[in-house]
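# Inside the fold
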Amino acid sequence: MTINPPDAARKAREALGLRLREIRKDAGLTGRELAAATGWHFTRVSKLEHGVQVPSNEDIRLWCAACSAEGHSTDLIARARAVESTYLEYKRQTRAGMKQLMLKPVPLYQRTSRFRIYEHRVMPGLFQTSGYARAILEFWSGFLDIKSDVDEAVAARMDRQHVLYDNSKTFAVVLEDSVLTTRFCEADALAGQLDRLLSVMSLPNVSIGIVPATRQREAIGQVSFWMFDDRLVSLETPTASIEVTAPQEIALYGRMFDLLHQSAVYGKDARALVIKAQSELADSN
């Protein structure tokens, strides 16, 4: 199910308001007592708690100070900053074409030292061949009805893969084995992509684990996600990208990644799964 960005923003405001209300109640304050302590009108407290209004950084600091809960303010401020920018609609991001969407994360890649990536259906963009990337980007260009600049977008995606060869960066990647067999492109393109994956597995700063479909697992990943150090988690829906910056939520994604990591196989066992997918692809054509 796709969540519309306006609905997501409203739910994010409501979740933030609920957390503010919990802090107030833990302090044993009524809404009117908190209003008096902060110098606000009572209706402002009500609007913040019910997600009608997003609190400013100063609002959060005053709220936490009144409740003697200053230690919560950093996390709450991060949540508040993310409320209105959590959903970044693709249609808005791609008005100038898919190439701009491909270029957008480059500064983030340059700043990041530790990448943690979980994909459950599609090969990560950092590993994609031009043929595989073209199939993906042609679909999204048509689906979103945006400017057709697939050639430029593919070139931009290939160019940003240079980050893989920066040995100051590490890449921990967990793939579901369905990534190896999803036929979203022509057989030749998928065969080339599997060859590329085997090549990337040999890079010293890249660790790739694959979760076999029949393996008893520690966790189920509901969506693909990328973690950039401990500062940001990025995931995508069919219509929007989502950026998570709240420290507590990032920590939960880190915990999920660790569990998925434990479910995967590595080294020669992972390579064997790729070679098996190659063999089955060849036999089917």
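None of the values given here were measured: they were computed from a predicted structure.

Looking only at helices and strands, the chain features 13 helices and 7 strands. With 285 residues in all, the chain has 48% of them scored as buried. Expressed as a percentage of contacts within the chain between residues at least 6 apart in sequence, the contacts between residues at least 24 apart total 77%. In the structure as shown, the chain presents an accessible area of about 14,500 Å², 51% of it carried by carbon and sulfur atoms.

Right, let's talk about the side chain of R196 for a bit. Along the polypeptide, R196 turns up in helix 11 (residues 187-200). Buried within the structure, R196 lacks any salt-bridge partner; D195 is the closest side chain of opposite charge, at an N-O distance of 11 Å. Setting aside residues up to four positions removed in sequence, R196 forms contacts with L126, F127, T129, Q161, L164 and Y165.

Oppositely charged side chains can pair when the atoms bearing their charge come close. Scanning the model with the defined rule gives 10 salt bridges in all. Its salt-bridge partner being E22, residue R19 comes within 3.2 Å of it at the nearest N-O pair. Taken together, the residues R19 and E22, both in helix 1 (residues 5-26) and 3 residues apart, mark about one turn of the helix. The partly exposed category is assigned to E22, whose relative accessible area is 36%. With a closest N to O distance of 2.9 Å, R134 and D151 form a salt bridge. Of this pair, R134 sits in helix 9 (residues 130-143) while D151 sits in helix 10 (residues 150-159), and the two are 17 residues apart along the sequence. Classification of R134 as partly exposed rests on a relative accessible area of 29%.

Here the focus is the nonpolar core. L126, F127, L197 and I208 are the most contacted members of the largest nonpolar core, which totals 39 residues. Looking at this core, the elements with two or more residues in it are helix 8 (106-111), strand 2 (114-119), helix 9, strand 3 (170-176), helix 11, strand 4 (206-211), strand 5 (225-228) and helix 13 (267-283). If one sorts the elements of this core by residue count, helix 11 sits on top with 7 residues. Discounting chain neighbours no more than four positions away, the residues touching L197 are M123, F127, L175, L180, I208 and V274. Of all hydrophobic cores here, the second largest spans 15 residues; its members include L16, I23, C67 and L76.

Take the environment of A133 next. Mapped onto the elements, A133 comes out in helix 9. Separated by 24 residues in the primary sequence, A133 and R157 place their C-alpha atoms 7.8 Å from one another. In this structure A133 touches Q128, V154, R157 and M158, once residues within four positions along its chain are discounted.

Let's shift gears to helix 12 (residues 247-263). Its 17 residues give helix 12 an end-to-end C-alpha distance of 25 Å, which sits within 8% of 24 Å, the value for a rise of 1.5 Å per residue. Within helix 12, burial applies to I250, G254, F257, L260 and S263. Structurally, helix 12 contributes buried residues whose contacts are with strand 2, strand 3, strand 4, strand 5, strand 6 (232-236) and strand 7 (240-244).

Right, let's get into the packing of aromatic side chains. Scanning all chains against the criterion turns up 13 aromatic pairs. Both rings, one in F225 and one in Y253, keep their centres 5.1 Å apart while their planes meet at 65°; by these two values the pair is edge-to-face. Of the two residues, F225 is situated in strand 5 and Y253 in helix 12; the sequence distance between them amounts to 28 residues. Of note, R32 hangs over the ring of F42, and the distance from its end group to the ring centre comes to 4.3 Å. Of note, R44 hangs over the ring of W40, and the distance from its end group to the ring centre comes to 4.7 Å.

Criteria and thresholds
- Residues numbered from 1 in each chain as written.
- Predicted model: local features only at pLDDT ≥ 70, side-chain atom pairs only at ≥ 80, totals over all residues.
- Heavy atoms only, no water.
- Helix = DSSP H or I, 4+ residues; strand = E, 2+ residues; numbered from the N terminus.
- Buried < 20%, exposed > 50% of the residue type's maximum accessible area, 1.4 Å probe, protein only.
- Contact = heavy atoms within 4.5 Å.
- Areas by Shrake-Rupley, 256 points an atom, 1.4 Å probe, with all protein chains shown as cover.
- Lys, Arg positive; Asp, Glu negative; His and termini not counted.
- Salt bridge = Lys/Arg side-chain N within 4 Å of Asp/Glu carboxyl O.
- Core = buried A, V, L, I, M, F, W, Y, C linked by side-chain atoms within 4.5 Å.
- Expected span 1.5 Å × (residues − 1).
- Phe/Tyr/Trp six-rings, centres within 6.5 Å; stacked < 30°, edge-to-face > 60°.
- Lys NZ or Arg CZ within 6 Å of the ring centre and 35° of its normal.

Honestly, that's just the spatial picture; any functional story needs more than this.
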